[in-house]
Amino acid sequence: MEMIDKIFVVYYNKSMDIKIVDYDQKYEKDINHMVNNQWNEKFIHDNNIIGKVALLDDKFAGTCFGWQEKDYFYLDTLCIVKDCQRKGIGTLLLESFIKEVNINAALTLN
């Protein structure tokens, strides 16, 4: 079976223009601001990391990160910008994270 280097998943909610995209370095400043500069940039460059970013009207709205260790997946961070809370963004981030975990688990088993 051919290995997939990068899986790109975008969830889109038409009623509020919410997009969930894979982590990209261009969001590090926003993430640092949310977590009071306790962000570890090296953390995201680990191959076992799953990182998702939520965009509301193309502006940073939140993030979630986790990692894989053997057969286990851990959710480490789930943060939503205060003005963007109670809009389903956290739920969309978690759904996207779980979907990618399931894809990664299937690839690991093969």
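A quick note: this is a predicted structure, and the numbers were derived from the prediction, not measured.

Colleague: Even after reading the chapter, I still don't get the overall build of the protein chain, so can you show me in this structure?
Modeller: Within the protein chain, the regular secondary structure consists of 3 helices and 5 strands. The buried share of the protein chain, reckoned over its 110 residues, is 42%. Look at the contacts in the protein chain between residues 6 or more apart in sequence, and 50% of them connect residues 24 or more apart. Carbon and sulfur atoms form 48% of the exposed surface of the protein chain, whose accessible area is close to 7400 Å².

Colleague: Which parts of the structure should I look at to understand the pairing of strand β4 (residues 59–69)?
Modeller: Every regular strand shows the same layout, with side chains that alternate between the two sheet faces. In terms of burial, β4 is largely enclosed, as 8 of its 11 residues are buried. With 8 bridges joining them, strand β3 (residues 49–56) and β4 adopt antiparallel strand pairing. Opposite Leu55, over in β4, you have Phe60 as the bridge partner. Counting the residues in the hairpin turn of β3 and β4 gives 2 residues, including Asp57, whose phi is positive at 55 degrees. Pairing between β4 and strand β5 (residues 72–80): 8 bridges, direction antiparallel. When the bridges of β5 are listed, Gln68 appears paired with Phe73.

Rules and cut-offs
- Along each chain, residue indices are assigned from 1 in the same order as the chain's sequence is written.
- Thresholds applied to this predicted model are a pLDDT of at least 70 for local features of residues and 80 or more for the giving and counting of side-chain atom pairs; totals over whole chains, interfaces and linings are not thresholded and use all residues.
- Heavy atoms from the whole structure form the basis of all side-chain values; hydrogens and water molecules are not counted.
- Strands are runs of DSSP state E lasting at least 2 residues, helices are runs of H or I lasting at least 4, and numbering of each runs from the N terminus.
- Buried, partly exposed and exposed residues are distinguished by accessible area as a fraction of the type maximum, computed with a 1.4 Å probe on protein chains only: under 20%, between the cut-offs, and over 50%, respectively.
- Any two residues whose heavy atoms approach within 4.5 Å at even a single point are treated as in contact.
- Exposure was quantified through the Shrake-Rupley algorithm and a 1.4 Å probe, taking into account, for residues, occlusion by the shown protein chains and nothing else.
- Two strands qualify as a pair provided that DSSP identifies no fewer than 2 bridges between them.

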